[in-house]
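Coordinate inspection notes
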Amino acid sequence: MKLVAEILDASDLMPKDGQGSASPFVEVDFDGQRMRTATRERDLNPVWNERLEFNVTDPDALQSQTIVVDVYNDRRSGAPGHHKNFLGRVKISGSSVPRAADAAPQRFPLDKRGLFSHIRGEIALNLYIDEGSAAVPKPPPPAPVPPAVAPEELEQKADKKKKKDKEKTMEFSDLPPPAAEAKATAEVHKQTSSKGKPHVEHKKPEQVRVEQIFSMHAHPPAQPPPIVVAPHPASLHQVQRKEAEFGLVETSPPLGGVVGYYNRRDKTASTYDLVEQLEFLYVSVVKAKDLPAMDVSGSCDPYVEVKLGNYKGTTKHHEKTLNPVWNQVFAFSKERLQASVLEITVKDKDVVKDDFVGKVVFDLCEIPVRVPPDSPLAPQWYRLEDKKGESKVKGEIMLAVWRGTQADEAYPEAWHSDAVSVPPGAIHHTKSKVYFSPKLCYVRVCVIEAQDLVPGGEKGRMPDAWVKVQLGQQLRRTRPSHMRTVNPLWNEELLFVAADPFEEHLIISVDDRIGGNKEETIGRLILPLSMVPRRNDNKMVDAKWYNLEKPSVASPEGTNGEKKKEVKFASRIHLRVCLDGGYHVLDESTYYSSDLRPTARQLWKQSIGVLEVGILGARNLLPLKTKNGRGSTDAYCVAKYGQKWVRTRTLIDSLCPSWNEQYTWEVYDPCTVITICVFDNSQLGDAKDAKDQRIGKVRIRLSTLETDRVYTHYYPLLVLHPSGLKKTGELHLAVRFTCSSFINMMHMYSQPLLPKMHYVNPISVMHLDLLRHHAIQIVAARLGRAEPPLRKEAVDFMLDIDQHMFSLRRSKANFYRIMSLFTGVYAVGKWFNDIRNWTNPVTTVLVNVLFLILVCYPELILPTVFLYLFLIGLWNYRFRPRKPPHMDTKLSQAERVHPDELDEEFDTFPTSRPPDIVRMRYDRLRNVGGRVQTVVGDLATQGERLQGILSWRDPRATTIFVVLCLCMAVFLYVTPFQVVAVLAGLYFLRHPRFRSKLPSVPVNFFRRLPAQTDRLLCNITVFVDELATENFD
């Protein structure tokens, strides 16, 4: 057996040769064996594609061994001293190395060797176990031939063994298909027949399933039976590794100012204490003055070039000016500082070649350090120098240069050195921003009646009228009036969603159906929302009469300050319109909403705490695009809690981005959820209308977090594609929930989840779903108008706009969720059945004694129940979750979902699939619906039987029940209740020896009661064959 390590390539390594490059090679150390690759001269993105093989001396000890992969810079070419510099390290556990059939290349971020190491980059490896070269062990000595056994007895033993093996294999999540097992068995038989000796493989007990196959012939076998070893890839370790792959990974990053398990800060901690401190060199280019004329016209087209080593950033150029103003900031990461001087050059834009105007040079050692909350560094005027720096030239430039961190206020707006490949017109798409959702409000329009309508068409015809109300893209209409009259009555309420500032108008029109599908507008009213009154409670707003105008002359009331002319006669409509500020406009599902406050700010309660989230970085992201022939991802994060949205900076061409940005939200309700998503930025290229691709989503419920504790974990990013479940990477987060008022937080658990108006004047679920859809569209449109815009696809993914669509996978998940709720009831029922059957006589006797005590002292029943619940909660405290919840693939039924179910889930609405597939899915849905229909029918049957006891539908059964009730009433009047309870309990808990296996008399009586099932109509399917058709003819 050999361990094979394929060293593929590395990317974005740290330069170590002092000239902005490195000559890397890789050393792999395993079990005392050390091998290395060739050196790639002066290459920060080397490609090796070399294969290293190591002998595995002890396969059983592989689980506890570690493979160490070190990347070094080769210094043999010149520099004295040590011949190699450390570039990074990857440690891989031997338990995670797959077999050759399951091997796949993976990218690993390079880790530090010590606290002060400066490391970056990642390496691509492919590790696997090659068993092809393993030595075949000697076969065991022949086993003694077992005595002759009857074939029937052997069959019984074989069936028991198969049943036991089946029970064992049910514990694993992924078993090989029967075809694979049959193929493996055939191969083993082939080897046995060709060599004449059984082929034996030695594996660990939990990884091997051995099945003894005995010959069923009358004569005993001449040689011992072969031992067939079926391959079992889904071993227990692989199942655990799969669970770990989709689970949380707790980390201990060096956060700024946070020490230990809880929030304990050191004295030098800054406000950014949940992220690693990143150092940047900031250059603020403000303006210039008195520049020399470079053109014939006596003017100049100046721009500034900021250069640090191989990184160069430029400002916008201004045309025809000698005193330009730029106000631009450049940021260079400390890891990218490849030079000792900073050059700031002013140039003149020209058609052929840009002309040199002057420059300013700074020594990096002389640049000051600024730490917030210090005030911003004041910019200063600097005289320009010539190219050699020997003399001053005409012109001055105002600059500010300092060292800072990501806590600097210039960080979000700065041009960063890693965005050097981004076109200037797309730089704004890479910046970090904070957004706020628009203030949403429900608009309630109550259409009461209309008067003096003048319909068109024949004279004297009564209109068939209804009212149509439109607000932006939202359109509602009432039902036609129940009577044809010129004074119709409706009394219907219509709800809309509007956003502040309320710039849109309500367009109310009364339509008349003339005949067929022909409609005519009788009158129209345009009502500005700014004139609509507001209410925060359930008090009625005064209704008003509004004049209806012809559609051609209708205009908003009160626009342009003009007073409309009074009309002596006109059709009128009676409306009650208001803005409902007492509701919370739902743009998220109530199950994982981040804000539950009403629209009216005066109804808000005091905040109970602060939520702080540090978005540290991500690792092992999947490449979603191709750059220079290699996979790449331009990742950014979006987080939403309440009305505040945050967007991190886009890190260019990195599969292991490191953002280290921290954000803060006020918390008004602990039972809320924060949503964090990762996207790939598709707005940095030349493609127009490209959509940002989804990478993954993380949700964290605040009520599951301990207060003042810092949670640092890698959260798996899981996305369901039409091809199946994919892990697209891991997101590194640091989360802390700080409570400012413990009493207010505990008081929130006694308050309603939604504002008061949702219960005083509730809105139907169907209307809420429709209004939520409109609210998401309004939020996406408003955020899409920001700069840089928050893309609509990102908002839709954050708010789950397509959650209402049917999915068979989600239906299964909800079904299993319901079934899991009954597991506790089932366990109690099973325990009680064991008590009745006297499975454990001691327990049964104790239960009988406890029952007698509770009957004699009934006042102890409730205290005993609550004490028992308290003890259960106290016992379960030891097993409380220590990690925040995350996306559960098993609960979501995403691991074993059928491909056709996924294709149906990702289908458009209406469907775009061929008719044959739609027919198949319809038949499958009918099958599932038939089962649900049967279950619902059985439940209805039991309920109708319960109702039929006193309905006299079965007069004999009702007579028996009525007479029995009379006898029981007399008996219970003369007998103490405690005696009845003792007799009933002891009879119910009697020994099985005194109990019949037949159903009891009450059960038999209940099952004989009539139901409505026999009154249901049934379809009759008639099959007519060819012969019957001929007979009919």
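The residue numbering used here restarts from 1 in each chain and proceeds along that chain's sequence as written. Local features in this predicted model are restricted to residues whose pLDDT is 70 or higher, and side-chain atom pairs enter the listing and the counts only when it is 80 or higher, whereas totals over whole chains, interfaces and linings include all residues. The side-chain quantities take in all heavy atoms of the structure and omit both hydrogens and water.

A look at the overall build of the protein chain
Put simply, DSSP H or I for four residues or longer makes a helix, DSSP E for two residues or longer makes a strand, and each gets a number counted from the N terminus. A tally of helices and strands in the protein chain yields 17 helices and 42 strands. Residue burial is assigned from relative accessible area. The probe radius is 1.4 Å, only protein chains are included, and a residue is buried under 20% of its type maximum, exposed over 50%, and partly exposed in between. Looking at the protein chain as a whole, 40% of its 1033 residues qualify as buried. Contacts in the protein chain between residues far apart in sequence, at least 24 positions, make up 69% of those at least 6 positions apart. When the accessible surface of the protein chain is summed, it comes to about 60,300 Å², and 57% of that surface belongs to carbon and sulfur atoms. Here, residues are in contact when the closest pair of their heavy atoms is within 4.5 Å. Surface exposure here means Shrake-Rupley accessible area, sampled with a 1.4 Å probe, where a residue is shielded only by the protein chains that are shown.

Re the confidence of the model for the protein chain
Across the protein chain, the average pLDDT comes to 81, with 84% of residues at or above 70. Confidence scores labelled pLDDT are given residue by residue by the predictor and lie between 0 and 100. Note on residues 133–155: pLDDT is under 50 here. Beyond four places in sequence and across chains, it has 10 contacts. Segment residues 258–269 is flagged for pLDDT under 50; beyond a separation of four residues in sequence, or across chains, it makes 21 contacts in the model.

A look at the sheet that holds strand 33 (residues 609–619)
DSSP-based pairing: two strands are paired if at least 2 bridges between them are found. The five strands are arranged 11-41-42-33-38 in an open sheet whose pairing can be described as antiparallel. This sheet does not close on itself; its edge strands, each paired only once, are strand 11 (249–250) and strand 38 (658–667). Sheet topology note: the strand 41 (residues 710–721)/strand 42 (residues 724–739) ladder contains 12 bridges and is antiparallel. Bridged to Y711 within strand 42 is V735.

Focus: empty space enclosed by the protein
Both site types are read off a 1 Å grid over the protein atoms alone. A 1.4 Å probe that fits but cannot get out defines a cavity, while an open set with protein on both sides within 12 Å along at least five of seven lines defines a pocket; lining residues have an atom within 4 Å of a point. Grid points are joined across faces, edges and corners, and a volume is the space filled by probe spheres set on the points. The final tally for this structure, using the stated rule, is three cavities of 30 Å³ or more. Counted as a void, the largest cavity has a volume near 190 Å³. Side-chain classes are defined by residue name, with Ala, Val, Leu, Ile, Met, Phe, Trp, Tyr, Cys and Pro counting as nonpolar, Asp, Glu, Lys and Arg as charged, and the others, Gly among them, as polar. Each residue belonging to the lining of the largest cavity can be placed in one class, and the counts come to six nonpolar, six polar and six charged. Approximately 50 Å³ is the volume attributed to the second largest cavity. Residue lining of the second largest cavity: A414, W415, H416, D418, A419, I427, T430, K431 and R649, and that is the complete set. Across the lining of the second largest cavity, the residue classes tally to four nonpolar, two polar and three charged.

Quick word on the sheet that holds strand 1 (residues 2–11)
Pairing in this open sheet of four strands is antiparallel, and the strands run 4-1-8-7 from one edge to the other. In this open sheet, the two strands that pair with only one neighbour each are strand 4 (47–55) and strand 7 (106–109). When the angles between neighbouring strand axes are averaged without regard to direction, this sheet yields 30°. As paired elements, strand 1 and strand 8 (residues 122–130) share nine bridges and run antiparallel to each other. Looking across to strand 8, one finds that A10 is bridged to I123. Orientation is described by axes fitted as lines to C-alpha atoms, over the contacting stretch for helices, and by angles from 0 to 180 degrees between their N-to-C directions.

Examining the nonpolar core
Residues belong to one nonpolar core when they are buried, are Ala, Val, Leu, Ile, Met, Phe, Trp, Tyr or Cys, and are joined through side-chain atoms within 4.5 Å. Formed by 35 residues in total, the largest nonpolar core has its most connected members in L611, W659, W665, I674, L731 and L733. At the level of elements, strand 33, strand 36 (635–641), strand 38, strand 39 (673–680), strand 40 (693–701), strand 41, strand 42 and helix 4 (742–748) are the ones that each hand at least two residues to this core. Counting 33 residues, the second-largest nonpolar core is a separate cluster that includes V638, W645, L771 and M798.

Overview of the pattern of salt bridges
Think of a salt bridge as a Lys or Arg side-chain nitrogen and an Asp or Glu carboxyl oxygen that are within 4 Å of each other. Inspection of the entire model under this criterion finds 56 salt bridges. The shortest N-O distance in the salt bridge between E409 and R370 comes to 3.1 Å. Taken together, the residues E409 in the loop between strand 21 (392–405) and strand 22 (415–416) and R370 in the loop between strand 19 (355–363) and strand 20 (380–385) connect sequence positions 39 residues apart. A salt bridge links K468 to D511; its shortest N-O distance comes to 3.4 Å. With K468 in strand 25 (residues 465–471) and D511 in strand 28 (residues 505–515), this residue pair connects regions lying 43 residues apart in the sequence. The exposure class of K468 is partly exposed, given its relative accessible area of 28%. Note on D511: relative accessible area 2%, which makes it buried.

Examining the packing of helix 9 (residues 823–836) against helix 10 (residues 841–856)
Packing of helix 9 against helix 10 leaves a shortest axis separation of 8 Å and a crossing angle of 95°. Here helix 9 lies roughly perpendicular to helix 10, going by the angle between them. Contact residues: helix 9 offers W831, D834 and I835, while helix 10 offers T843, T844 and V847. Its residues assigned to classes, the contact of helix 9 with helix 10 comprises three nonpolar, two polar and one charged. Roughly parallel means an angle under 35 degrees; roughly antiparallel means over 145; roughly perpendicular covers 65 to 115; every other angle is labelled oblique.

Section: the side chain of E385
Position of E385 among the secondary structure elements: in strand 20. A polar contact is formed between the side chain of E385 and the side chain of K392, at a distance of 3.1 Å. If we skip the residues at most four places from it in the chain, E385 touches F356, G358, K359, S391, K392 and V393. Distance and chemistry together define a polar contact, namely a pair of N or O atoms within 3.5 Å, with one atom able to donate a hydrogen and the other to accept it when in protein, and with adjacent residues in sequence counting only for side-chain atoms on both sides.

Thoughts on unusual backbone geometry
Between D500 and the following residue, P501, the backbone shows a cis peptide bond with an omega angle of 5°. Here P501 lies in the loop between strand 27 (489–499) and strand 28. With an omega dihedral of 0°, the bond running from F909 to P910 counts as a cis peptide bond. Among the secondary structure elements, P910 is positioned in the loop between helix 12 (899–905) and helix 13 (915–947). Not every positive phi belongs to a glycine, and D653 is a case in point at roughly 50°.

A short note on a nonpolar patch on the surface
To count toward a patch, a residue needs a relative accessible area over 30% and no salt bridge; like charges are then connected within 9 Å, while nonpolar side chains (Val, Leu, Ile, Met, Phe, Trp, Tyr) are connected within 5 Å. A contiguous nonpolar surface patch, about 700 Å² in accessible area, is contributed by I861, L862, V865, F866, Y868, L869 and I872. By the secondary structure assignment, I872 is in helix 11 (residues 861–876).

A short note on the pairing of strand 33
Judged by how many residues are buried, strand 33 sits mostly within the fold: nine of 11 residues are covered. Where strand 33 and strand 42 come together, 10 bridges link them in antiparallel fashion. Opposite E612, over in strand 42, you have R736 as the bridge partner.

Quick notes on helix 15 (residues 977–988)
The end-to-end C-alpha distance of helix 15 is 16 Å, a good match for the 16 Å that 12 residues give at a rise of 1.5 Å each. Packing partners of the buried residues in helix 15 comprise helix 10 and helix 14 (955–974). Expected helix span is given by 1.5 Å per residue-to-residue step, counting one fewer step than there are residues.

Focus: the packing of aromatic side chains
Pairs were defined over the aromatic rings of Phe, Tyr and Trp, the Trp ring being its six-membered one, requiring ring centres within 6.5 Å. Orientation was assigned from the angle between planes: stacked under 30 degrees, edge-to-face over 60, tilted for the rest. One pass over the full model with this rule turns up 17 aromatic pairs. Ring centres 6.0 Å apart and planes at 70° place the aromatic pair F332 and W415 in the edge-to-face group. Here F332, found in strand 17 (residues 325–333), pairs with W415, found in strand 22; they are 83 residues apart in sequence, far enough to count as distant. The class of W415 is buried, set by a relative accessible area of 11%. Centroid distance F362 to Y382: 5.2 Å. Interplanar angle 80°. Geometry classified as edge-to-face. Linking F362 in strand 19 with Y382 in strand 20, this pair joins segments that are 20 residues apart in sequence. Since its relative accessible area comes to 13%, F362 is described here as buried. Owing to a relative accessible area of 25%, Y382 belongs among the partly exposed residues under this scheme. Pairwise contacts between aromatic rings join F280, Y282, W402 and Y411 into one cluster. The aromatic ring of Y714 is capped on one face by R619, whose charged end is 3.8 Å from the ring centroid. The ring of F988 has R836 lying over it, and the distance from NZ or CZ to the ring centre is 4.3 Å. Two conditions define a charge sitting above a ring: the NZ of Lys or the CZ of Arg must be within 6 Å of the ring centre, and it must be within 35 degrees of the ring normal.

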